[in-house]
Amino acid sequence: MRDSSLSPLIIIGMHRSGTGMIAQILENLGLFTGWKKQHNHETLFFMNINDWLLHQSCASWDYPEPFHFLLENKEIRALATDYMRSMVRIPAVASFLGWRKCLRYRSLLNLNFSWGWKDPRNTYTLPLWLEIFPDAKVIHIRRNGIDVANSLVKREQRAFENKKSRYLARRAFYRVRPKRGGFTDSIRCASLEGAFSLWEEYLKEAKKHVIAIGPGALELKYEDLVSEPYELLRQLADFCDLEVSDRDIQRVSVMMKKDRAYAYKESPELVAFAEEVGDRLTAQGY
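Okay, so let's go over this structure. (Residues numbered from 1 in each chain as written. Predicted model: local features only at pLDDT ≥ 70, side-chain atom pairs only at ≥ 80, totals over all residues. Heavy atoms only, no water.)

**Some points on the overall build of the chain**
Alright, step 1. Counting secondary structure elements, the chain contains 14 helices and 4 strands.
Alright, step 2. A burial count over the chain gives 51% of its 286 residues as buried.
Alright, step 3. Expressed as a percentage of contacts within the chain between residues at least 6 apart in sequence, the contacts between residues at least 24 apart total 75%.
Alright, step 4. Accessible surface for the chain amounts to roughly 14,700 Å². Of this, 51% is attributable to carbon and sulfur atoms.
Alright, step 5. Across the chain, the 42 positively charged side chains and the 36 negatively charged ones have centroids separated by 9 Å. (Helix = DSSP H or I, 4+ residues; strand = E, 2+ residues; numbered from the N terminus. Buried < 20%, exposed > 50% of the residue type's maximum accessible area, 1.4 Å probe, protein only. Contact = heavy atoms within 4.5 Å. Areas by Shrake-Rupley, 256 points an atom, 1.4 Å probe, with all protein chains shown as cover. Lys, Arg positive; Asp, Glu negative; His and termini not counted. Charge placed at Lys NZ, Arg CZ, Asp CG, Glu CD.)

What follows is the structure, encoded as structure tokens:
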């Protein structure tokens, strides 16, 4: 079975940049993206491994740069990849494949159908995944940093209000049992500057991978994809070796939300911030 196995498609990119949209589109075109997924189309199996990897260097999705220390430490890197190789086999991989596929294939190294996964954390952990799957293809989707930052700030505001309300309602209870967790999901992403600088870090890392991988990587611009979906979706399907018809492409094109491109221009506050960081946007191709 190993001789007919297919390497995965790994989707990278900054959070809130369209990685979930790409995964959902590809799943609709025939790519298997996992059995257990969150609402944002992240598979719990790979998300948990990526989180574990980041934590080894005291990194996290919103402070990813320390992960380079792990990549540069040969001994720890070797142990980490050894652990990852054990995790892509039965029984651990059942949460990704489901038990039926798991019992049939027993390992992600044996899959003979098109498959892959998305997780923005892949942007940093990709070098280790490429040691497990050296022939994997990589898709990077990028989006304007102002829209990304605004989306992250709004998400963080909602999370803070929920955690604040929960704390105030249970304040007396916490005197008996200490509180677990904090008041925020990402204090860095509570501000536009913090979220924007995180976007810069992810783009820098992703571009490095795209250049190094060459023909095995495809980079897409979110704004181009939602405004002119047909040609780019055809390019995407061909890159992933998915056999799809024109009707299939038209069917998934309706998933594109054109109003999400450069949405920040409707807000004077965000336009002002864009002018403030104009040079930094230009440096990233915007």
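**Examining the packing of helix H8 (residues 145-169) against helix H9 (residues 192-213)**
Alright, step 1. Their axes nearest at 8 Å, the elements H8 and H9 cross at an angle of 125°. Looking at the two axes, H8 sits oblique to H9. As H8 packs across H9, the resulting crossing turns out to be right-handed. Facing Gly145, Ile146, Val148, Ala149, Asn150, Leu152 and Val153 of H8, the residues of H9 in contact are Leu192, Ala195, Phe196 and Trp199.
Alright, step 2. Along the lines of polarity and charge, the residues of the contact of H8 with H9 split into 9 nonpolar, 2 polar and no charged. (Axes fitted to C-alpha atoms, helices over the stretch in contact; angles between N-to-C directions. Parallel < 35°, antiparallel > 145°, perpendicular 65-115°, else oblique. Left-handed = near helix turned anticlockwise from the far one by under 90°. Nonpolar A, V, L, I, M, F, W, Y, C, P; charged D, E, K, R; others polar.)

**Some details on the pattern of salt bridges**
Alright, step 1. By the definition in use, this model includes 16 salt bridges.
Alright, step 2. Across the pair Arg188 and Glu201 runs a salt bridge, and its minimum N-O distance is 2.9 Å. Residue Arg188 is found in the loop between H8 and H9, and its partner Glu201 is found in helix H9; the two are separated by 13 residues along the sequence.
Alright, step 3. Of the charged contacts, one joins Lys208 and Glu205 as a salt bridge, the two residues approaching to 3.3 Å between their closest N and O atoms. Highlighted residues: Lys208 and Glu205, both in helix H9, separated by 3 residues, approximately one helical turn. (Salt bridge = Lys/Arg side-chain N within 4 Å of Asp/Glu carboxyl O.)

**Focus: the pairing of strand S3 (residues 137-142)**
Alright, step 1. Most of S3 is tucked away: 5 of the 6 residues are buried.
Alright, step 2. Pairing between S3 and strand S4 (residues 217-221): 5 bridges, direction parallel. The residue bridging His140 from the neighbouring strand is Glu219, located in S4. (Pairing = 2+ DSSP bridges.)

**Quick word on the nonpolar core**
A general trend in soluble globular proteins is that nonpolar side chains are found buried together.
Alright, step 1. Grouped together as the largest cluster of nonpolar side chains are 61 residues, with contacts concentrated most on Phe96, Leu108, Trp115, Trp129 and Phe133.
Alright, step 2. Counting residues per element, this core draws most heavily on H9, which supplies 9 residues.
Alright, step 3. Those residues in contact with Trp115 that sit more than four places away from it in its chain are Leu6, Ser7, Pro8, Leu9, Leu31, Phe32, Phe46, Phe96, Leu108 and Phe133.
Alright, step 4. The next biggest cluster of nonpolar side chains, apart from the first, holds 28 residues, and it includes Leu225, Val226, Leu242 and Ala261. (Core = buried A, V, L, I, M, F, W, Y, C linked by side-chain atoms within 4.5 Å.)

**Overview of the sheet that holds S3**
Alright, step 1. Read across the open sheet, the 4 strands follow the order S2-S1-S3-S4; overall the sheet is parallel. Single-partner strands in this sheet number two, and they are strand S2 (116-118) and S4. The sheet shows a mean angle of 15° between the axes of neighbouring strands, taken without regard to direction.
Alright, step 2. Of the strand pairs in this sheet, strand S1 (residues 9-12) and S2 are connected by 3 bridges, and their pairing is parallel. Each residue of the ladder has a partner; that of Leu9, found in S2, is Gly116.
Alright, step 3. The strands touched by helix H11 (residues 229-239) are S1, S3 and S4; relative to S4, the strand with the most contacts, the crossing angle is about 160°.

**A look at helix H12 (residues 246-253)**
Alright, step 1. The set of residues buried in H12 consists of Ile249, Val252 and Ser253. Down the axis of H12, the sector holding all buried residues measures 110°, keeping them to one side. (Arc of directions from axis to C-beta.)

**Remarks on the packing of H11 against H12**
Alright, step 1. Their axes nearest at 10 Å, the elements H11 and H12 cross at an angle of 120°. It follows that H11 is oblique to H12 by the angle criterion. In the packing of H11 onto H12, the handedness of the crossing is right-handed. For the pair H11 and H12, contact is made by Pro229, Tyr230, Leu233, Arg234 and Ala237 and by Asp246, Ile249, Gln250, Val252 and Ser253, respectively.

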